[in-house]
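Structural description and commentary
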Amino acid sequence: MIAPVTQRDYDKGHCWQYDIRVRNREQDLMEAGLTEEQAAALRVSDFAFRPITSASDKQNAIEFIKRHEWLGTLSQYTTHWFGAYYHDPEQGLMGKDILAGVILMNLPNAFSKLLGDDTKKIERLVSRGACISWSPKNLASSFLMWCCQWMVKNTQYRLFTAYSDPTAKELGTIYQACNWYYIGNDSGTTTRYINPYTGKVVSDRFFRARSAYKKYAKELGIEWERDWCDTKSMLWANIPAAVERQLRDRSRLKQQESQKITMPSKHKYAFVLGATKAETKKLRREFESRNRGIIMPYPKERGK
């Protein structure tokens with residue numbers, strides 16, 4: 001079993017994602033019923049990409065992320081789920097599709113203004129992504145771009161952001177290969193916290209999440225009312241002022257008491273895509289104009 005991120009200190013010269021592919025490969029091949037020769041012959045065209053919609057398929061995706069992805073957990077507010085599937089032709093039509101890749105998109109950690117005040121209406125964060133160890137080298141980039149294209153075709157989203165983590169020796173190679181904009185890493189560090197309930201690393205946003213407020217209410221002996229939140233956020237207007245004060249005070253106290261961790265800032269990437277060539281050109285021109293000072297050359301040194 002992979003240790004939680006709070007227990008890992010990764011210091012190899014290559015990225016953790018490569019390392020886990022090597023470690024998982026023998027088991028992954030055995031479970032898929034593939035030989036090394038068969039895996040080496042696979043091409044991107046052997047895989048199908050599609051949205052993940054059913055509860056069972058989402059659970060499979062969660063288990064996949066836990067096994068193959070650096071953080072090994074889902075982030076909050078996942079809104080779109082995608083899977084890459086391989087179907088062994090030798091198993092015929094009744095054969096089972098094998099989950100070979102997962103990409104999840106979320107509400108951004110904090111909405112940017114990369115495309116002006118309305119950015120939050122068109123932005124999604126690529127929060128998690130991994131491919132199985134025996135997948136073709138370029139499956140990840142093809143899968144990522146398919147997901148962005150699907151989003152543009154089927155939703156209002158046009159701006160996609162993503163992070164790569166220097167702690168895992170990531171550079172964001174996949175985003176560089178797909179010609180995303182690199183918009184820096186703030187050249188510094190960021191503060192994270194140990195979740196007092198799970199021991200996992202979280203941002204300060206955790207302490208203001210619906211799930212956290214529900215825990216505070218239980219600890220305070222406050223009976224939770226159904227109309228105090230919806231599926232996305234707290235509905236403070238429905239909460240008595242005295243209760244709101246107690247919950248917010250508890251949130252601040254929990255954050256203050258939680259163990260702090262100083263971590264290097266993540267590399268940030270952005271991709272702009274319109275539904276037509278004309279829209280893409282217009283949006284990219286606006287993006288480049290607004291962000292002239294923060295679009296930078298790609299990083300090349302791992303761990304920096």
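Rules used throughout
Residues numbered from 1 in each chain as written. Predicted model: local features only at pLDDT ≥ 70, side-chain atom pairs only at ≥ 80, totals over all residues. Heavy atoms only, no water. Pairing = 2+ DSSP bridges. Helix = DSSP H or I, 4+ residues; strand = E, 2+ residues; numbered from the N terminus. Contact = heavy atoms within 4.5 Å. Axes fitted to C-alpha atoms, helices over the stretch in contact; angles between N-to-C directions. Phe/Tyr/Trp six-rings, centres within 6.5 Å; stacked < 30°, edge-to-face > 60°. Buried < 20%, exposed > 50% of the residue type's maximum accessible area, 1.4 Å probe, protein only. Arc of directions from axis to C-beta. Core = buried A, V, L, I, M, F, W, Y, C linked by side-chain atoms within 4.5 Å. Expected span 1.5 Å × (residues − 1). Salt bridge = Lys/Arg side-chain N within 4 Å of Asp/Glu carboxyl O. Right-handed = clockwise from strand over helix to strand, strands pointing away. pLDDT = per-residue confidence, 0-100. Polar contact = N/O pair within 3.5 Å; in protein donor to acceptor, adjacent residues only side chain to side chain.

Quick notes on the sheet that holds strand β2 (residues 78-86)
Spatial strand order, β1-β2-β3-β4-β5-β10-β6: seven strands in an open sheet with mixed pairing. The two strands at the open ends of the sheet, each matched to only one other strand, are β1 (47-51) and β6 (181-182). Taken together, the six bridges between strand β5 (residues 159-164) and strand β10 (residues 267-272) define a ladder with antiparallel strand orientation. Across the sheet, residue Ala162 finds its bridge partner in β10, namely Tyr269. Strand contacts of helix α8 (residues 277-290): β5, β6 and β10, with the helix running at about 145° to β10, the strand carrying the most contacts.

Focus on the packing of aromatic side chains
Scanning the model with the defined rule gives 19 aromatic pairs in all. With a centroid separation of 5.0 Å and 90° between ring planes, the pair formed by Tyr213 and Trp236 is classed as edge-to-face. Pair noted here: Tyr213 is in helix α6 (residues 210-220) and Trp236 is in the loop between α6 and α7 (241-257), with a separation of 23 residues, a long-range link. With respect to burial, Tyr213 and Trp236 carry one shared label: buried. Counting every residue linked through ring pairs, the aromatic cluster contains Tyr175, Trp180, Tyr182, Tyr269, Phe271 and Tyr298.

What to know about α6
Looking only at α6, the buried set comprises Ala212, Tyr213, Tyr216 and Ala217. Within α6, the buried residues cover an arc of 145° as seen down the axis, which keeps them to one side. For α6, the elements touching its buried residues are α7.

Looking at the pairing of β2
Counted residue by residue, β2 has seven buried out of nine residues, so it is predominantly covered. Alignment of β1 against β2, held across five bridges, turns out to be antiparallel. Paired with Phe49 across the two strands is Ala84, which belongs to β2. Both β2 and strand β3 (residues 98-106) contribute to a ladder of eight bridges, which runs antiparallel. Bridging from a neighbouring strand, Phe82 pairs with Ile103 of β3.

Side note on the nonpolar core
Within the largest apolar cluster, 47 residues are counted, with the highest numbers of intra-cluster contacts made by Phe47, Met105, Val126, Trp134, Leu144, Phe160 and Trp180. Broken down by element, this core gets its largest block of residues, eight residues, from helix α4 (residues 139-154). With residues near it in sequence (within four places) discarded, Phe160 still touches Met105, Arg124, Cys148, Met151, Val152, Trp180, Tyr269, Ala270 and Phe271. In this structure, Tyr193, Val202, Tyr216 and Val243 belong to the second largest nonpolar core, which totals 16 residues.

Examining α7
Under the 1.5 Å per step criterion, the end-to-end length of α7 is 24 Å for 17 residues, consistent within 8% with the ideal 24 Å. Within α7, burial applies to Val243, Leu247, Ser251, Lys254 and Gln255. One side of α7 holds all its buried residues, which, seen down the axis, span an arc of 105°. Seen from the open side of α7, the exposed residues pointing more than 90 degrees away from its buried face are Ala241, Arg245, Gln256 and Glu257.

Here's the deal with the pattern of salt bridges
All chains considered together, the criterion is met by 13 salt bridges. Here Lys121 ties to Asp118 by a salt bridge, and the two come within 3.8 Å at their closest N and O atoms. Its relative accessible area of 47% is what places Asp118 among the partly exposed residues. Close ionic contact of Glu279 with Arg158 constitutes a salt bridge, the shortest N to O distance being 3.2 Å.

Looking at the pairing of β5
Counting buried residues along β5, five of its six residues qualify, which places the element largely inside the surrounding structure. With four bridges joining them, strand β4 (residues 123-131) and β5 adopt parallel strand pairing. Considered in β5, the bridge of Glu123 is made with Leu159. The handedness of the β4 to β5 crossover, carried by α4, is right-handed.

Description of the confidence of the model for the protein
When pLDDT is averaged along the protein, the result is 87; 87% of the residues meet or exceed 70. Across residues 1-8, where pLDDT falls below 50, the model places 16 contacts with residues more than four positions away in sequence or in other chains.

Here's the deal with the environment of Tyr298
Mapped onto the elements of the fold, Tyr298 is located in the segment after α8. Judged by its relative accessible area of 26%, Tyr298 falls in the partly exposed class. In this structure, the C-alpha to C-alpha distance between Tyr298 and Gly184, residues 114 residues apart in sequence, is 8.5 Å. Setting aside chain neighbours within four positions, we find Tyr298 in contact with Tyr175, Gln176, Asn179, Trp180, Tyr182 and Tyr269. Separated by 2.5 Å, the side chain of Tyr298 and the backbone oxygen of Trp180 make a polar contact.

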